[in-house]
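Tertiary structure, described
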Amino acid sequence: MNFKDLYYYNGNKLPFAAAQIGQAFRNEISPRQGLFRVREFTLAEIEHFVDPEDKSHHKFSEVVDLELLMFPREEQMPRKDAVKLRLGDAVSNRTVNNKTLGYFIGRVYLFLTLLGINKELLRFRQHRATEMSHYAVDCWDVGIKCSYGWMECVGIADRSAFDLRAHSEKSGTPFVAYEKFAAPKEVEVAFPIIIDMCGFQFVIMNAFDCVNIS
């Protein structure tokens, strides 16, 4: 909901990010398994907004050589095991959808290992097509292996522009970013013209609106 203000504070440029931390409440969770599955918990979140046509990241080179235990959806269907993958290779072969998503997967890995989590007990599992949220382009859960088995502790998702489109439709306020081109671009568009001789008007029509030129 604060997209327009955050976009303004960033000089009306993409990409930009917002981080927040606070209490979260999830009624759909079934409480079990100790502290992992509760309905009220402290949640930290980063939302990173990028150009949907350019999902590169200028710091991806910092994590490109990390080797992670990853469980792509293709390995889950025949019930294979997770495999060690170099993050750069996972992005280049499109196992991970794009470099921005790959960058944050790498940063989460570095953060959790910095906290003291054994890297051999960390696994990045990709959502299968049957469980992918309707808004997601790609989604990975970070699991930590403990006495309960693999438990999700972080979610990393490319949510596309679903949230912004939904807020725009309901509020009537455009949640959009503008791109400034280095040079003007010329686009040739053909319009059908209807001439109303009685009203002495030329009516130019396209698929979206009608413009009356007297």
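Just above sits the structure.
Quick look at the structure, then.

Conventions used here
Residues numbered from 1 in each chain as written. Predicted model: local features only at pLDDT ≥ 70, side-chain atom pairs only at ≥ 80, totals over all residues. Heavy atoms only, no water. Phe/Tyr/Trp six-rings, centres within 6.5 Å; stacked < 30°, edge-to-face > 60°. Helix = DSSP H or I, 4+ residues; strand = E, 2+ residues; numbered from the N terminus. Buried < 20%, exposed > 50% of the residue type's maximum accessible area, 1.4 Å probe, protein only. Polar contact = N/O pair within 3.5 Å; in protein donor to acceptor, adjacent residues only side chain to side chain. Contact = heavy atoms within 4.5 Å. Core = buried A, V, L, I, M, F, W, Y, C linked by side-chain atoms within 4.5 Å. Expected span 1.5 Å × (residues − 1). Pairing = 2+ DSSP bridges. Salt bridge = Lys/Arg side-chain N within 4 Å of Asp/Glu carboxyl O.

**Considering the packing of aromatic side chains**
Each aromatic ring pair is described using two quantities: the centre-to-centre distance and the angle formed by the ring planes. For the structure on display, the rule yields nine aromatic pairs. Judged by centre distance (6.1 Å) and plane angle (35°), the ring pair of tyrosine 135 and phenylalanine 162 falls under tilted. Taken together, the positions of tyrosine 135 in the loop between strand 5 (122-126) and strand 6 (138-146) and phenylalanine 162 in helix 5 (residues 162-171) put the pair 27 residues apart, joining distant regions of the chain. Classification of phenylalanine 162 by relative accessible area gives partly exposed; the value is 28%.

**What about the side chain of aspartate 138?**
Tracing the backbone shows aspartate 138 in strand 6. Of the polar contacts made by the side chain of aspartate 138, one reaches the side chain of glutamine 126; its length is 2.9 Å. Excluding its chain neighbours within four sequence positions, the residues that come into contact with aspartate 138 are Arg73, Thr95, Val96, Asn97, Leu101, Gln126, Met132, Ile156, Ala157 and Asp158.

**Brief notes about the side chain of aspartate 141**
Along the chain, aspartate 141 turns up in strand 6. For aspartate 141, a relative accessible area of 10% gives the class buried. Within the structure, aspartate 141 has its side chain in polar contact with the side chain of histidine 127 (distance 2.8 Å).

**Re the nonpolar core**
With 23 residues, the main nonpolar core has Val96, Ile105, Phe124 and Ile156 as its most contacted residues. Elements that contribute at least two residues to this core include exactly strand 3 (67-71), helix 3 (87-92), helix 4 (99-114), strand 5 and strand 6. Sorting elements by how many residues they give to this core places helix 4 first, with seven residues. Ignoring anything within four residues of it in the chain, the contact list for isoleucine 105 reads Leu68, Leu87, Val96, Phe124, Trp140 and Ile156. Counting residues in hydrophobic clusters, the runner-up holds six residues, among them Tyr7, Phe16, Phe49 and Phe175.

**Let's talk about helix 4**
Relative to the 22 Å expected for 16 residues at 1.5 Å per residue, helix 4 spans 22 Å between its end C-alpha atoms, a close match to the ideal helical length. Listing the buried residues of helix 4 in full gives Thr100, Leu101, Gly102, Tyr103, Phe104, Ile105, Gly106, Val108, Tyr109 and Leu112. On the buried face of helix 4, the contacting elements are strand 2 (40-49), strand 3, helix 3, strand 5, strand 6 and strand 7 (149-158). Residue asparagine 98 occupies the N-cap position of helix 4, its side-chain oxygen lying 3.2 Å from the main-chain nitrogen of threonine 100. Just past helix 4, the residue glycine 116 takes up positive phi, approximately 110°.

**Examining the pairing of strand 7**
Looking at chain direction, strand 6 and strand 7 are connected through nine bridges and run antiparallel. Within strand 7, the residue paired with isoleucine 144 across the bridge is methionine 151.

**Some points on the pattern of salt bridges**
Here the structure, examined in full by the defined rule, presents ten salt bridges. Across the salt bridge formed by glutamate 131 and arginine 128, the nearest N and O atoms sit 3.8 Å from each other. Salt-bridge contacts for aspartate 163 lead to arginine 159; the nearest nitrogen and oxygen are separated by 2.8 Å. Judged by relative accessible area, which is 30%, arginine 159 ranks as partly exposed. Look at the salt bridges and you will find they share partners, linking Arg125, Arg128, Glu131 and Asp141 into a network.

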